[in-house]
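# A look at the structure
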Amino acid sequence: MCGIIAAATNRNVGKLLVQGLHKMEYRGYDSAGIALHQETSIVHLRCLGKVRRLEEKMIEEKPKGKVGIAHTRWATHGEPSEVNAHPHSSKERVYIVHNGIIENYIELKKELIEYGYAFSSQTDSELIAHLLDYFLNQKNTMIDAMHSIKEKMQGAYAIAAIDQEDSDSFYLARNNSPLLLGVGSEELFAASDPLAISDLTDKFIFLEDGDVVEASSKAYKIYDKNKEEVQRELTHLNISAQATSKGEYKHFMEKEIFEQPTAILNTIDGRIGGEDVLENIFGEGSNELLAQVKRIQVVACGTSLHAGRVAANWFSSISQVPTQIDYASEYRYKNPYIDKNTLLVTISQSGETADTLSALRYAKSQNYLGSLTICNVPTSSIARESDYVLLTNAGPEIGVASTKAFTTQLTALMLLALSIAKAKDINPKLRTRLATALRALPEIVSQSLELRGQLIEIAPSIANKDNALFLGRGMFYPIAKEGALKLKEISYIHAEAYPAGELKHGPLALIDENMPVIALAPESDFAEKLISNLEEVKARGGTLYVFGNAAGDLSIDSGKLINMPECDFLLTPILYTVPLQILSYEVALLRGTDIDQPRNLAKSVTVE
Ligand code: M6R
């Protein structure tokens, strides 16, 4: 949700800032801007649209400077427009970029208008520049002013600022939004994500809430929430260039779909030994914790929540533990009753999703046995703040639509189900069966990628529709929901998912030749009932696209039956996800949408 970047170097900084913005475009891409010190003034360029528009503007204007800040925006307050694009300035002295939401902005804006400040945008962010200017005018240093604005503002923010009267430095403040420093040789950087500056340095400092920073090319000072100067740990991270480029693929989403066999292999690597899951894979002492678990509470958002819904079936059948699942954005507001020995499980690709992070923080003040996260980003807030962590090790996921993050989350959640069963010393045979099946999974997922040819064939008959219905039963209902989410998010086709048995309770009314019905039909205890549900669709002229081997006897007049590779039934939700991802991708390709950066969305949702 918005990407911010800052740099103080001895070389021309404009190009570095724009390159960093390109790598953070997944965080928002409705407008972009830059402010940099050029001799005695500040060059300020902004534009509506993607970072490449800003880049074109910079090629024309050729700004030159060594210290600057830049931003790519995902609009919260105020429409996407040049005037709402960051950086915002106050009296052409202070320039700021902001990620987050200032919750008390109406009250602060009123106060600043009374002090004579004029607002030129509809954003909540502009007031940060005016507030800084206000405190600087009270004869404060920039660091004092940064501390003072923190006392006034409520909400979430990562801020980078420059002052026209101090051409050597940039300043930072963080509260509930990701922000880190990158330490180079005689140069300093800051960004929302280490990816943005990973080709400039491999040394990072992850700032904490309440931190304020002053940084020049030669030195930096970090002050904590008590205004005390502090040292923060330096982390070395090697992010390979290959992991952040599209390589031979047209889109990141396509690359990430095809990376799934390797990503799943990385999730299980070093976590299964012999014929069982290894002990303490969630961290030292996790085995003792898991032995005590009587209930699980899952909180997550979007795709990650779908992973939790599938896993609830596994926790029940493999670990003998009941599970409660909540949208992270809803969880705190329902006054959750927390039974004794309940484990909180958060699931997040980015580890920075504000709703999930807030739910985790709330839960930590409640009576949980402990908190455990399934996360892809080791340095993220959720990974750092959880008691126990299992990293999915999927590698950077850049396409906004989650693909390999989901299948690796499912794999990690299966490891959790097995670990609980092992800690409780139950279901030894089932554990052996699933550990063996997990080892075979990457190869079977590779086979499912070969279905692409058949999916390309059916994509045109879905691409020309306005709606689609996804059906599944049991563990496949959340997979149907994930399939519908993928289709709507990248192709903008309205898609809904239903448990197939619910069809006759209402949605059957929607079935006609314009409603493609995509159904998941693995061999299972519910196969017969599911086939009857599909017959009901067929009888009403619906077009059926059926994935799975249980549909063998179903003859369809329009649509297609797609056979799936075989794998252990409990792992089939992972396998069946893959063709749905490819189908959405191929449909979106035909509709010519912006697949990696679909309209109105952003990858890392750091506002509540
Ligand atoms: O980073 P997270 O897993 O916490 O993100 C949660 C959702 O925002 C995310 O899964 C979203 O639904 C994806 N765009 C779906 O493809």
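Scroll up to find the structure this text is about.
The sections below set out a description of the structure shown in this document.

Cut-off values and rules
Residues numbered from 1 in each chain as written. Predicted model: local features only at pLDDT ≥ 70, side-chain atom pairs only at ≥ 80, totals over all residues. Heavy atoms only, no water. Axes fitted to C-alpha atoms, helices over the stretch in contact; angles between N-to-C directions. Helix = DSSP H or I, 4+ residues; strand = E, 2+ residues; numbered from the N terminus. Parallel < 35°, antiparallel > 145°, perpendicular 65-115°, else oblique. Left-handed = near helix turned anticlockwise from the far one by under 90°. Contact = heavy atoms within 4.5 Å. Nonpolar A, V, L, I, M, F, W, Y, C, P; charged D, E, K, R; others polar. 1 Å grid on protein atoms, 1.4 Å probe; cavity = no way out; pocket = protein on both sides within 12 Å on 5 of 7 lines; lining within 4 Å. Points joined across faces, edges and corners; volume = space filled by probe spheres on them. Salt bridge = Lys/Arg side-chain N within 4 Å of Asp/Glu carboxyl O. Buried < 20%, exposed > 50% of the residue type's maximum accessible area, 1.4 Å probe, protein only. Patch = residues over 30% accessible without salt bridge, like charges linked within 9 Å, V, L, I, M, F, W, Y side chains within 5 Å. Areas by Shrake-Rupley, 256 points an atom, 1.4 Å probe, with all protein chains shown as cover. Lys, Arg positive; Asp, Glu negative; His and termini not counted. Charge placed at Lys NZ, Arg CZ, Asp CG, Glu CD. Pairing = 2+ DSSP bridges.

### Comments concerning the packing of helix α7 (residues 260-268) against helix α13 (residues 404-423)
Orientation of α7 relative to α13, taken along the N-to-C sense of each, is 30°, at an axis distance of 9 Å. On the basis of their axis angle, the class for α7 and α13 is roughly parallel. The way α7 lies across α13 gives a crossing that is right-handed. Across the interface between the two elements, Q260, A263, I264, T267 and I268 from α7 touch K404, T407, T408, T411, A412 and L415 from α13. Residue composition of the contact of α7 with α13, grouped by class: five nonpolar, five polar and one charged.

### Details of empty space enclosed by the protein
Tallied over the entire structure, the rule returns two cavities of 30 Å³ or more. In this structure, the largest cavity encloses a volume near 60 Å³. Lining of the largest cavity is provided by C2, R73, W74, A75, T76, H77, H86, H98, G100, T123, D124 and S125. Split into classes, the residues belonging to the lining of the largest cavity amount to three nonpolar, seven polar and two charged. Of the pockets and cavities examined, the second largest cavity occupies roughly 30 Å³. If you trace the second largest cavity, you find it lined by L278, E279, N280, I281, F282, S286, N287, L290 and S419. A total of three residues in the lining of the second largest cavity trace back to one element, the largest contributor, which is helix α8 (residues 286-291). Looking at the lining of the second largest cavity residue by residue, the classes come out as four nonpolar, four polar and one charged.

### Structural notes on the pattern of salt bridges
On inspection of all chains with the given rule, the structure shows 27 salt bridges. For K50, the salt bridge goes to D594, with nearest N and O atoms at 2.4 Å. With a gap of 544 residues between them, K50 in the loop between β3 (41-48) and α2 (51-61) and D594 in the segment after α18 (572-591) connect regions that are remote in the sequence. Salt-bridge contacts for D326 lead to K334; the nearest nitrogen and oxygen are separated by 2.8 Å. Looking at K334, the relative accessible area reads 39%, which means it is partly exposed. Linked through salt bridges whose partners overlap, the residues forming this network are R174, D209, R361 and E385.

### Remarks on a negative patch on the surface
Together, E55, E56, E60 and E61 line one region of the surface with negative charge. The residue E60 is located in helix α2 in this model. Classification of E60 as exposed rests on a relative accessible area of 64%.

### Looking at unusual backbone geometry
Looking along the chain, the bond that leaves H86 and enters P87 is cis, with omega of 0°. With respect to the helices and strands, P87 occurs in the loop between β4 (67-73) and β5 (88-90). Positive phi outside glycine occurs at K91, with the angle close to 50°. A positive phi angle, close to 70°, is found at N600, a residue other than glycine. Tracing the backbone shows N600 in the segment after α18.

### Regarding the sheet that holds strand β20 (residues 342-348)
Overall, parallel pairing links the five strands, which are arranged β19-β18-β20-β21-β22 in an open sheet. The open sheet has two edge strands, β19 (323-327) and β22 (388-391), and neither has a second partner. Taking the axes of each pair of neighbouring strands and ignoring which way they run, one obtains an average angle of 20° across the sheet. Note: β20 against strand β21 (residues 370-375), six bridges, orientation parallel. Along β21, the bridge assignment pairs L343 with G370. Each of β18 (295-300), β20 and β21 is contacted by helix α11 (residues 354-364), which is oriented at about 160° to β20, the strand it contacts most. The strands that α13 touches are β18, β20, β21 and β22; relative to β20, the one it contacts most, it runs at about 165°.

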